[in-house]
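# Observations on the three-dimensional arrangement
Residue strings, one per chain:
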Amino acid sequence: MTSSEPNTAGAPREPVFALFACCIPVKGARRSVVCDLQRQSFQFIPNGLYEILTEHAGKSVAEIKGFYDHEYDEEIDEYFTFLLHHELGFWCGEPDRFPALDLDWETPERITNAILDVDDGSRHDYGAILGQLDDLGCKALEVRCFHRCTLNGLRAILEAARHGRLRSIDLLAGHLPELTPDALESLAREHPRVSRIVVHSAPEQRLMPPLRTGVTIEYRTEVIDSPRCCGQVHPGYFVVDFETFAEGRKHNTCLNRKLSVDARGEIKNCPSMTRSFGNVREVSLHSALAQRDFAALWSINKDQIAICKDCEFRYVCTDCRAYLRDAADLYSKPSKCTYDPYTAEWQPPADMPAGIHTKGASE
Amino acid sequence: MKKRMERLDDELFQPLTAAQQRRITAGSTPVTETPITLRETFGEVDDYIRDGDNE
């Protein structure tokens, strides 16, 4: 605890607990979390502690204990010990000197991220598509090849990005024997924008050690043959960082500033959605983006979505607006989310999601 | 309103294990339909799907 400091009246001022600016509490229906945006992690806390951190911010421990009529003195001491242990905050005399982070989210890019789906029947002009994404400022691209890809096929896609502005490319490709770890590692070295390669339909599950550049290469046995594999909501997909947290407070964390081109060339918000804004062979990405309603879903944030608005994970969850519990209600919960924020329980996976099959089960 | 103060050693407040955070590759609830159309912001029109290239 810091030493007491005199206040303006000259009397010693009791220290108060302040969360670090990057540690932000989020209340859920059954429990809360403190998101540590700097360490990219979160800690579960009781809703009682959330109340202390928000409604009683700036009060001394004595004042807080007094508010609860000293009924929970032991618990309150335990709470502050916990917060200090996890380095979520500190004692201070003048908390006003530590302002909150500005969580307004802004970006100069018209599109920040894109998905490009490819299958056996795709006739994409990669140079044209990636060039247009460059013009829109796109930073991250995920290329999902649902078919078994040759190295040359992957190389052709990556060559189109060689002189572009993309900062990262995630590749998903169907397995062929030539997609060996060495070959993929060499591909990633040739194209430093590649940040992740996942090979589906592989004979065995295998996660390679990350390359020195941070690129990960992973082999999965699942056959991922359609966009319907997408939309999973799970702690493994949570993104606990400042960018996502700030964006998620006002925007949709899946669709905001996203553009997709499906395997047939249809320009969509997400390949899993049915609505097309034109085919990329006939309509420029700029024109599609300029169409009324292309951005209609971008502003659906988790505070507006049924059930999600009561979930403590709502600002770190990636959401899904394509597969909904109620297809007629754009504000309904993602159908693939099995978390119940009212009991804080995840239901065990029931069956294989559509779009993913065990090996040999694909049609 | 005063809240009941729960103890932190409750299972509810334990960190997720590595297994719990591992990305799922299979298993989920059945997929429902996707929305057929988006809700129009300014009213219904029929010609918005393929406007063509207006540039």
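Before going into details, it helps to say that this report is about the structure given with it. The residue numbering used here restarts from 1 in each chain and proceeds along that chain's sequence as written. The lettering of chains begins at A and the numbering of ligands begins at 1, in the order of writing. At least 70 in pLDDT is required for a residue's local features to be given in this predicted model, at least 80 for side-chain atom pairs to be given and counted, and no such filter applies to totals for whole chains, interfaces and linings, which use all residues. Excluded from the side-chain calculations are hydrogens and water; all other atoms, namely the structure's heavy atoms, are used.

### Overview of the overall build of chain B
- Each helix and strand counted, chain B has one helix and zero strands in total.
- Carbon and sulfur atoms make up 50% of the accessible area of chain B, which amounts to about 4,100 Å² in all. By definition, any uninterrupted DSSP run of H or I lasting at least four residues is a helix, any uninterrupted run of E lasting at least two residues is a strand, and each is numbered from the N terminus. Shrake-Rupley sampling with a 1.4 Å probe provides the accessible areas, and residues are treated as covered by the protein chains on show and by no other component.

### So, the environment of Arg220 of chain A
- Checked against the element boundaries, Arg220 of chain A lands in the loop between β13 (216-219) and β14 (223-224).
- Reaching out from Arg220 of chain A, the side chain makes a polar contact with the side chain of Glu218 of chain A at a distance of 3.1 Å. Pairs of N or O atoms are called polar contacts if they sit within 3.5 Å, as long as, within protein, a hydrogen donor faces a hydrogen acceptor (for residues adjacent in sequence, only side-chain-to-side-chain pairs).

### Focus on the sheet that holds strand β10 (residues 168-174) of chain A
All names here are of chain A.
- As summarised here, the arrangement of the eight strands in space is β12-β13-β11-β10-β9-β8-β15-β16, forming an open sheet in which the pairing is mixed. The open sheet has two free edges, formed respectively by β12 (206-207) and β16 (267-268), since each of these has just one partner strand.
- Pairing analysis gives four bridges linking strand β8 (residues 113-118) to strand β15 (residues 258-261), with the strands arranged parallel. Within β15, the position partnered with Ala114 by the bridge is Leu259.
- Any two residues having at least one pair of non-hydrogen atoms within 4.5 Å are treated as being in contact. Axis definition: a line fitted to C-alpha atoms, over the contacting stretch in the case of helices. Angles run 0 to 180 degrees between N-to-C directions. Where helix α5 (residues 151-159) meets the sheet, its contacts fall on β9 (140-148), β10 and β11 (194-200), and the angle it forms with β10 comes to roughly 160°.
- Contacting β10, β11, β12 and β13, helix α6 (residues 181-190) runs over the sheet at an angle of about 145° to β13. At least two DSSP bridges between two strands are required for those strands to pair.

### Digging into the packing of helix α1 (residues 47-55) of chain A against helix α3 (residues 73-85) of chain A
All names here are of chain A.
- Where α1 contacts α3, the axes come no closer than 11 Å and their chain directions differ by 75°. Classified by the angle between their axes, α1 and α3 sit roughly perpendicular to one another. Between α1, through Gly48, Leu49, Ile52 and Leu53, and α3, the contact on the second element is made entirely by Ile76, Tyr79, Phe80 and Leu83.
- Of the residues contributing to the contact of α1 with α3, the split by class is seven nonpolar, one polar and no charged. Here is the rule for angles: anything less than 35 degrees is roughly parallel, anything more than 145 is roughly antiparallel, 65 through 115 is roughly perpendicular, and the remaining ranges are oblique. Ten residue types, Ala, Val, Leu, Ile, Met, Phe, Trp, Tyr, Cys and Pro, are classed as nonpolar, four, Asp, Glu, Lys and Arg, as charged, and the remainder, Gly among them, as polar.

### Remarks on empty space enclosed by the protein
Residue and element names in this part refer to chain A.
- Note on definitions: the grid is 1 Å and covers protein atoms alone; a cavity is a set of points where a 1.4 Å probe fits but cannot get out; a pocket is an open set with protein on both sides within 12 Å along at least five of seven lines; lining residues have an atom within 4 Å of a point. Grid points are joined across faces, edges and corners, and a volume is the space filled by probe spheres set on the points. In this structure the tally under the stated criterion is four cavities of 30 Å³ or more.
- In this structure, the largest cavity encloses a volume near 110 Å³.
- What lines the largest cavity is a set of 15 residues, and nearest its centre among them are Lys302, Cys308, Cys311, Cys317 and Cys337.

Just distances and angles here, no functional claims.
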